[in-house]
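# A look at the structure
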Amino acid sequence: MNTSMKRTTEKNLMVFSGRAHPDLAQHVAKELGTELVPTAAYDFANTELYVRFEESVRGCDAFVIQSHTAPINTWIMEHLIMVDALKRASAKRITVVLPYYGYARQDKKSRGREPISARLMADLFKTAGADRLIAVDLHTDQIQGFFDGPVDHLQALPILTDYVAEKYADEDLVVVSPDAGRIKVAESWSRRLQNAPLAFIHKTRDVTRPNESVANRVIGQVQGRTCILVDDMIDSGGTICHAADALMKEGAASVIIAATHAIFSGPAVQRLSESVAREVIVTDTLPVGPDKQFEGLTVLPIAPLLAEAISQVFGDGSVTSMFEADH
């Protein structure tokens, strides 16, 4: 008597997108040689969100892409609802793809009675049904430990450094960190730019006033050199523009700003367009619409990196091997 039934099932990759940054999700799907799963999504009159997938997702390997741009709380909620819908529709494995991880800056308590919202975010995605996270350039590495499951932390570093190396190869470069906390990132940049020298800006920040810092002094030799000022994100642009000014005052030949996440809140576009920077280089982890464009801005595509990571995860390959040359 046969008491079992064997069946070999084929793995089925499906890519889903929220409404925050559909262009990026479409580019990722195209790189993977597939299409986004048709999705019905709309807002009720009271601003509650509704999502339904228009194809069966049973047994699939689901990759749900949503970048947390403004209005950030709306898109985070939509992301969570999409994960819940997939879990309840019997998706086999759910991978949340966060090109930009919302609330990443709230990763520790600077003062008493503060939340650690980056941890709360990880808990929310786990509760909704996520098995795995893929994120690009988290604000701090420890966020990987907030999620109870695998986290693939991708780096935009190769994309940004390859562009800078090709364009500014014949100039005398120095890599500058806008504060002491990002020295490790600057060191990785230096390694990829043929061990260019390092400098950093010593600054103070008032913890009671968000988005504001005071650039103090430049530590390192920048005189007569092209400074590559590197950071993980540009929000209101104040910090990075003050840093660029400080470098020019120290006698730098020119300043090039490079960052992964172009948040560009409030006065950022005006500040950057009027700044001393020769060029501002970012990726499209967040949407950079026509209202955020200005002369001297270069936006590099992140879709090939995300598609490669999704491909490795789907095929049980190694995401780490994509970056091993950098260590």
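This report concerns the structure included in the present document. It should be emphasised that the depicted structure is a prediction, and the values quoted were computed from it without experimental measurement.

Any two side chains of opposite charge can pair, so long as their charged atoms come close to each other. Within this structure, the stated rule accounts for 17 salt bridges. Taking the shortest distance from any N to any O, the salt bridge between Lys11 and Asp316 comes out at 3.2 Å. One end of the pair, Lys11, is in the segment before β1 (13–17); the other, Asp316, is in the segment after α8 (303–314), and 305 residues separate them in sequence. Of the charged contacts in the structure, one is a salt bridge between Arg19 and Glu78, with a shortest N-O distance of 2.6 Å. One end of the pair, Arg19, is in the loop between β1 and α1 (22–32); the other, Glu78, is in helix α2 (residues 72–88), with 59 residues separating them in the sequence.

Let us now look at the pairing of strand β7 (residues 151–154). Of the two faces of β7, both are covered, the one formed by Val151 and His153 as well as the one formed by Asp152 and Leu154. In the sheet, strand β6 (residues 132–136) pairs with β7 via 4 bridges, with the strands oriented parallel. Residue pairing for β7: Ile134 is matched across the bridge by Asp152.

On to the side chain of Asp137. With respect to the helices and strands, the residue Asp137 is situated in the loop between β6 and β7. Buried charge without a salt bridge: Asp137, with Arg182 as the nearest opposite-charge side chain at an N-O distance of 7.2 Å. Within the structure, the side chain of Asp137 is placed 3.3 Å from the backbone nitrogen of Ala156, a separation counted as a polar contact. Discounting chain neighbours no more than four positions away, the residues touching Asp137 are His153, Leu154, Gln155, Ala156, Leu157, Thr260 and His261.

It is worth spelling out unusual backbone geometry at this point. Cis geometry marks the peptide bond from Ala70 to Pro71; its omega dihedral reads -5°. Within the secondary structure, Pro71 sits in the loop between β4 (61–65) and α2. Here Asp137, not a glycine, exhibits a phi torsion of approximately 45°, which is positive. Classification of Asp137 as buried rests on a relative accessible area of 17%. In this structure, Asn195 is a non-glycine residue whose phi angle is positive, near 55°. In this structure, Asn195 sits in the loop between α5 (183–192) and β9 (198–204).

Cut-offs and rules
Residues numbered from 1 in each chain as written. Predicted model: local features only at pLDDT ≥ 70, side-chain atom pairs only at ≥ 80, totals over all residues. Heavy atoms only, no water. Salt bridge = Lys/Arg side-chain N within 4 Å of Asp/Glu carboxyl O. Helix = DSSP H or I, 4+ residues; strand = E, 2+ residues; numbered from the N terminus. Buried < 20%, exposed > 50% of the residue type's maximum accessible area, 1.4 Å probe, protein only. Pairing = 2+ DSSP bridges. Lys, Arg positive; Asp, Glu negative; His and termini not counted. Polar contact = N/O pair within 3.5 Å; in protein donor to acceptor, adjacent residues only side chain to side chain. Contact = heavy atoms within 4.5 Å.

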